[in-house]
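Summary of the model geometry
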Amino acid sequence: MKSKALSAVFICLLVLSCCTPGQGAQKNVEWNSSSPQPSEAPAKGEKITPVPQPDFSSEEGIREYLRGKWLYDYYYYGDVLCTMEIDKDLNIALSFKNSYSDGPKGNYSGKITFDRAYAKPEEAPDLLCIELENTEEPGGDFYFLHRTIYDNKRVMSWFFAGNGNTVFDLLVPDDGENIRSTPDELIFEKVTGEKSREAPRKNDEFYAVYWDTGSDKKSIWLDDVWWTPAEEDDQAQVYPQKMTHYETDVPESILYTIIPEEIGEVLGEELTRGAVYFVTTDEGGNVASFISADRKKFIEESSLNSEAEAVIYEIIENDVEEIREYLNAGMAILLTGETAVIEDEECYLVILGTHHEDNFVREVMYAVNTVTRQVYRFDVLNDAWEPVPMG
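Read on for a plain summary of the structure. Treat the numbers as computed from the prediction; the structure is a model and nothing was measured.

On to the sheet that holds strand β18 (residues 375-379), then. One open sheet accounts for five strands, arranged β15-β16-β17-β18-β19; its pairing is antiparallel. Lying at the two open borders of the sheet, with one neighbouring strand each, are β15 (332-342) and β19 (384-387). Direction aside, the axes of adjacent strands within the sheet are offset by 35° on average. Sheet topology note: the β18/β19 ladder contains four bridges and is antiparallel. Opposite Asp379, over in β19, you have Ala384 as the bridge partner. Against the sheet, helix α6 (residues 306-318) engages β15, β16 (345-355), β17 (360-368) and β18, with an angle of about 100° to β15.

Moving on, we get to the packing of aromatic side chains. In total, this model carries 23 aromatic pairs according to the counting rule given. Ring centres 6.0 Å apart and planes at 65° place the aromatic pair Phe96 and Phe168 in the edge-to-face group. Of this pair, Phe96 sits in strand β3 (residues 91-98) while Phe168 sits in the loop between β7 (153-160) and β8 (186-191), and the two are 72 residues apart along the sequence. For the pair Phe96 and Phe168, one class covers both residues: buried. Aromatic pair Tyr207 and Trp227: ring centres 5.3 Å apart, planes at 40°, arrangement tilted. Of this pair, Tyr207 sits in strand β9 (residues 205-213) while Trp227 sits in strand β10 (residues 219-227), placing them 20 residues apart in sequence. Overall, the relative accessible area of 15% leaves Trp227 in the buried class. In this structure an aromatic cluster arises from ring pairing among Tyr72, Tyr74, Phe96, Tyr108, Phe142, Trp158, Phe160, Phe168 and Phe188. Sitting above the plane of the Tyr74 ring, Arg273 keeps its charged end 4.3 Å from the centroid. Sitting over the ring of Phe278, Lys296 keeps its end group 4.5 Å from the ring centre.

Basis of the calculations
Residues numbered from 1 in each chain as written. Predicted model: local features only at pLDDT ≥ 70, side-chain atom pairs only at ≥ 80, totals over all residues. Heavy atoms only, no water. Pairing = 2+ DSSP bridges. Helix = DSSP H or I, 4+ residues; strand = E, 2+ residues; numbered from the N terminus. Axes fitted to C-alpha atoms, helices over the stretch in contact; angles between N-to-C directions. Contact = heavy atoms within 4.5 Å. Phe/Tyr/Trp six-rings, centres within 6.5 Å; stacked < 30°, edge-to-face > 60°. Buried < 20%, exposed > 50% of the residue type's maximum accessible area, 1.4 Å probe, protein only. Lys NZ or Arg CZ within 6 Å of the ring centre and 35° of its normal.

Spelled out as structure tokens, the structure:
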């Protein structure tokens, strides 16, 4: 469901699910024996039985889904972990622990109740409300979604639905001004033993959400999706942007092998769990290329075209002695399409660095003005762009 078309009519399909079935291409159901397989892969000729989906059409079904022990462990938001246990009566226990210091931590208990923000009375609730006991710490109101299953685990996301503070502010490092905030998306995982029976998509291009790297460090867990990002100024946005920016018909992730020559390129950058990427696979269903969906969109919308790229290469390779020396020493050039305004002129960024087995190390940053043909080097110590000798 695209955000502009989202309405209360669809809330039963949205609550604790990622998708509206039947839109777009279906996942490939042909098993690829050359790619990593989940345990208990179907034998040849065996009928592939879909993973049973939870029942989210009633409060009882949602209660059953929530019940159990969930873990929040997303290091890029900070060092604080959260264990959340919910029982059949919706009693909740939260335990926060800082994995590196004696910083924010604590134990809290309380109760979850259901409410409706946009759902109709006859529809399943779309809001969780936490009321904590024996503390002045606020609980919080949250929208919620079922995201996927991967590596024997179930993934659930919560999105803050109110103003002010919540108990989950403890997950974000103190900014030094005691300003508290809850992450835009709280991603919890619960071990369930569920295994996807889907197969990798072969010789294809698609958007997918990255959930983790395989234990062999040569593969990645991906759930293919339709990426439908809303514009930042979209006045029709009802739910939080991160809640509706992608959808999928089957919320199940697949372990994709990365072709050997691309492992360093794919895993060299720090990947973000729960983020959308653009994927290309070969005829065997192996990942051949992998780029952030936002990065792909930025590059496609940037003003860097083939003509400008040719001019940039011609300038830096022929008019700048120090860049020629770097290139002769084995450095490589990286063009991202990004620009910087220097002396009131738009200049294209050019990054020089070296390729290693696992990643590309960025070492020197330049900016090229394709109109004046002036090249600038970024001075890290002075945080300023300096013109370089030309010729």
